[in-house]
Amino acid sequence: PDYTAVHALVLEQFVKTVWAVSLLGLVLTVSIFVIALLTTARPLRRLASTIREIGGSLDPDALIAGDLIRRNDEIGQVARAFLSTVRDLAHRTQESEDAQTKLQNILDGSIQAIAVHRNFKLLFANEAAARMFGYADAAEMLDECDFRQTFANDPDGSPEGFIDLLKRDDLDEAHLLTRPRLRRDGTRFLAEIAARKIRWKGEWAVQTALIDVTARI
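Residues numbered from 1 in each chain as written. Predicted model: local features only at pLDDT ≥ 70, side-chain atom pairs only at ≥ 80, totals over all residues. Heavy atoms only, no water.

**Quick word on the overall build of the protein chain**
Alright, step 1. Looking only at helices and strands, one finds six helices and five strands in the protein chain.
Alright, step 2. Every one of the 217 residues in the protein chain was classed for burial, and the buried ones make up 28%.
Alright, step 3. Counted over contacts in the protein chain with a minimum sequence separation of 6, partners at least 24 positions apart contribute 41%.
Alright, step 4. In the form shown here, the protein chain has an accessible surface area of approximately 14500 Å², with 58% of it arising from carbon and sulfur atoms. (Helix = DSSP H or I, 4+ residues; strand = E, 2+ residues; numbered from the N terminus. Buried < 20%, exposed > 50% of the residue type's maximum accessible area, 1.4 Å probe, protein only. Contact = heavy atoms within 4.5 Å. Areas by Shrake-Rupley, 256 points an atom, 1.4 Å probe, with all protein chains shown as cover.)

What follows is the structure, encoded as structure tokens:
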């Protein structure tokens, strides 16, 4: 027998078999990779979509699907950690909103007029301040009041009794000063005033508390 031909035939069949097995392995590897990629990418896309939606809602239970939370792999761990973080953020946000509401209720219920201004630009006023200066409510006072016009003028035209705390490095507050002030209609009244520097939205401003003491004089 021609062993050379037999060996060549066997070698050819072996090479074909190796190529077939290699090709099959490559197909299996690619298939596994694609399946793994799809299995991983889809939940990650859902997580990414959830993160984007957080900007419009802090209801994590409505945003993250239960199947993501129940997964026992790294994606499930990420989803659970994310859910916990968002729940904590939602809780803290609600606490902050509640505190702001309580503070606003206290300020609005105060009989003491409270106003915050920066260089006479009114930043905040409570309802008592609006009543004191002749406005229907605090919103109207914020919209229409030039706080400079609530001061009577000295002979030189400067605001009478005004202490510019924002320009005084040596003074942070001024207590219980009795000064004339002007209502919206121009009528004068005497106010007992306490003012102090505060930080308002990252910048210095002046908080003023006033009590009408005209009847006492």
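**A word on the environment of Arg-199**
Alright, step 1. Here Arg-199 is to be found in strand S4 (residues 188–200).
Alright, step 2. In this structure the side chain of Arg-199 is engaged in a polar contact, spanning 2.5 Å, whose partner is the backbone oxygen of Gly-202. (Polar contact = N/O pair within 3.5 Å; in protein donor to acceptor, adjacent residues only side chain to side chain.)

**Examining the confidence of the model for the protein chain**
Alright, step 1. Taken over all residues, the pLDDT of the protein chain has a mean of 76, while the share at 70 or more is 58%.
Alright, step 2. Per-element confidence in the protein chain is highest for helix H6 (residues 138–144), whose mean pLDDT is 94, and lowest for helix H2 (residues 60–63), whose mean pLDDT is 53. (pLDDT = per-residue confidence, 0-100.)

**Some details on the side chain of Asn-126**
Alright, step 1. With respect to the secondary-structure elements, Asn-126 resides in the loop between strand S2 (121–125) and helix H5 (127–132).
Alright, step 2. At 3.0 Å, the side chain of Asn-126 and the backbone oxygen of Gln-112 are in polar contact.
Alright, step 3. A polar side-chain atom of Asn-126 sits 2.9 Å from the main-chain amide nitrogen of Ala-129.

**Overview of the packing of aromatic side chains**
Alright, step 1. All told, the structure shown has seven aromatic pairs when counted by the stated rule.
Alright, step 2. Both rings, one in Phe-120 and one in Phe-151, keep their centres 5.7 Å apart while their planes meet at 75°; by these two values the pair is edge-to-face. With Phe-120 in the loop between strand S1 (113–118) and S2 and Phe-151 in the loop between H6 and strand S3 (173–182), the pair connects residues that are 31 residues apart, well separated along the chain.
Alright, step 3. With 5.7 Å between their ring centres and 65° between their planes, Phe-133 and Phe-189 make a pair best called edge-to-face. (Phe/Tyr/Trp six-rings, centres within 6.5 Å; stacked < 30°, edge-to-face > 60°.)

**Focus on the side chain of Arg-181**
Alright, step 1. For Arg-181, the position within the fold is in strand S3.
Alright, step 2. For the buried Arg-181, no salt bridge exists, and the shortest N-O distance to an oppositely charged side chain is 9.4 Å, to Glu-160.
Alright, step 3. Among the polar contacts listed, one links the side chain of Arg-181 to the side chain of Thr-150, at a separation of 2.8 Å. (Lys, Arg positive; Asp, Glu negative; His and termini not counted. Salt bridge = Lys/Arg side-chain N within 4 Å of Asp/Glu carboxyl O.)

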